[in-house]
Amino acid sequence: MKLRQKICLSLCILLTMLLLCGCELELASPESLIQPPKSNQEKLQQKQLITSFLGREESLIVPEALNTANAYQYLDLDMDGDEEIVAFYTNRESNFMLGFLILDQSEEQWYLRHKAIAYGTDIHYFSVRDLDEDGVVEILLGVNTGYGSMKELYLYQLHDQELVDISNGDNITYDQITLAHNEANGNVIVTARMDTSILEGSSNITVYDYTYGSVVPIYDETFTGYCSEMRFDQVGVNAEGVYLAMRHNHFVNVLLLQETQEGFAVVMEHPLPYDYDTMSENRLFQDENNDGILEMISLWAPELNDSTKSYDDYIQVWLQWDGQEGLIAVDAVLESYNDGYRFSVPLAWMDSLYYDFRSQDTIVWADFYAENDNMEFETVFSIAAIDQLVWDNMEDTDAMVVLGNNPTKNKIYVAEIQKEEFNGFQVDASRLISCLQIEGGERK
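So, here's what we can say about the structure. Fair warning: this is a prediction, and the values are worked out from it, not measured in the lab.

Calculation criteria
Residues numbered from 1 in each chain as written. Predicted model: local features only at pLDDT ≥ 70, side-chain atom pairs only at ≥ 80, totals over all residues. Heavy atoms only, no water. Helix = DSSP H or I, 4+ residues; strand = E, 2+ residues; numbered from the N terminus. Contact = heavy atoms within 4.5 Å. Pairing = 2+ DSSP bridges. Buried < 20%, exposed > 50% of the residue type's maximum accessible area, 1.4 Å probe, protein only.

### Let's talk about the environment of Gln418
One can find Gln418 in the loop between strand E29 (411–417) and strand E30 (421–422). Measuring from C-alpha to C-alpha, the distance between Gln418 and Phe381 comes to 5.5 Å, with 37 residues separating the pair along the chain. Excluding anything up to four places from it in sequence, Gln418 contacts Thr379, Val380, Phe381 and Ser382.

Shown next, in the form of structure tokens:
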């Protein structure tokens, strides 16, 4: 019997056995082979559920300005212990119609409870907050108007089965917005509106209080500069406030707005002499040392920069409000994202040290130096990040101390210590190693 005939006979026997055993032979369909994971499947089902409540000309959108990059959120709007779905949508046939849906459940079935319609090109801001602490939440929706940088704020409130627009058609316009606490444990709205019609530019800062169903301005002041950022947080021990970054040509003036016994007022002003808008990696305000208090960044410039280093590479000095009219340094960091390390300069050393950036072949050194008793400047130590290949081919390394390495970046971190003591401070390898943090590597 030929080989082909034997194969056909074997297949016939196998098929007969399967049929006699009552088994079914089911071929996998293309659809079953490309089933997404369960989590993705659930997301798809949720999206299909939400879109079923939209009109033919409407579609879900992901607001670019919100922290959560989602087209919908689960929130307990009526504080009954069960979450509703808030979904953002736009009208594809209208360049300016958008808003949000509120979906609720009854007997395990979702239904459309409310639909808000607003007018703008995109959603800029969304927050759900009980502004006056009366047990009923307010919904804040900010939209880009399409007219320059101007935005418009819509305010809604849930009354029984109705979504009521409490803006009453008089919507707040703004360029920057944040919410802040007030002394009555409620919440106020802080906005900045910029005037670009004059050469220097100015920003109108307004604080709105929501009380008795109305939004009332309780503070209004105009400052020079463009308000590019505002941040409410804890700014001191048992103290909260709003930091305002007012940009001018080549410098930023930082204001601290706080509620006092006489009302809201600017309690601190501090200029930062750099154009921070050109700094791609750094945020102006953040809790740098994780103590729960918001700090602001300043730059410690090198005395000489003989390299390609830019503002992003300068030592960052993080300042914290001292509770009066000044600031205190809480951290000083020489950080290189490209080289994968952070070097924390001891704060006690700052008043005695200066530094330069110096290029030597392919290596950029940071030289730290101090003034001696003879009023002469002497280099104390230098640090650098050196490519592994360059390090392997270097001959004169006896004077260098290896502080750590980074196999991901292929970097070796080294120091040259010229003086073991300056102004009463001791400098050795272990002290410098303790100042070094390496991303994805290890210290010696």
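Next comes the rest of the description.
### Here we look at the sheet that holds strand E32 (residues 436–438)
Spatially, six strands are ordered E19-E20-E22-E23-E24-E32 in an open sheet, and the strand pairing comes out antiparallel. Each of the sheet's edge strands pairs with one partner strand only, and the pair in question is strand E19 (285–286) and E32. Across six bridges, the pairing between strand E22 (residues 315–321) and strand E23 (residues 327–336) is antiparallel. Within the sheet, the bridge partner assigned to Trp318 lies in E23 and is Asp331.

### As for the pairing of strand E26 (residues 363–371)
Counting buried positions along E26 gives seven out of nine residues, so the element sits mostly inside the fold. For strand E25 (residues 353–360) and E26, the ladder comprises eight bridges, and the chain directions are antiparallel. Bridging from a neighbouring strand, Phe357 pairs with Ala366 of E26. Linking E25 back to E26 in an antiparallel pair, the connection comprises two residues, with Asp361 at a positive phi of about 55°. Joining the antiparallel neighbours E26 and strand E27 (residues 377–387) is a turn of five residues, in which Met375 adopts a positive phi near 60°.

### Overview of the environment of Ala239
By the element assignment, Ala239 lies in strand E16 (residues 239–248). Separated by 20 residues in sequence, Ala239 and Glu259 have C-alpha atoms that sit 9.6 Å apart. In this view, Ala239 contacts Asp233, Gln234, Gln258 and Trp321; residues no more than four positions away in its chain are not counted.

Function-wise, these values are silent; they only describe arrangement.
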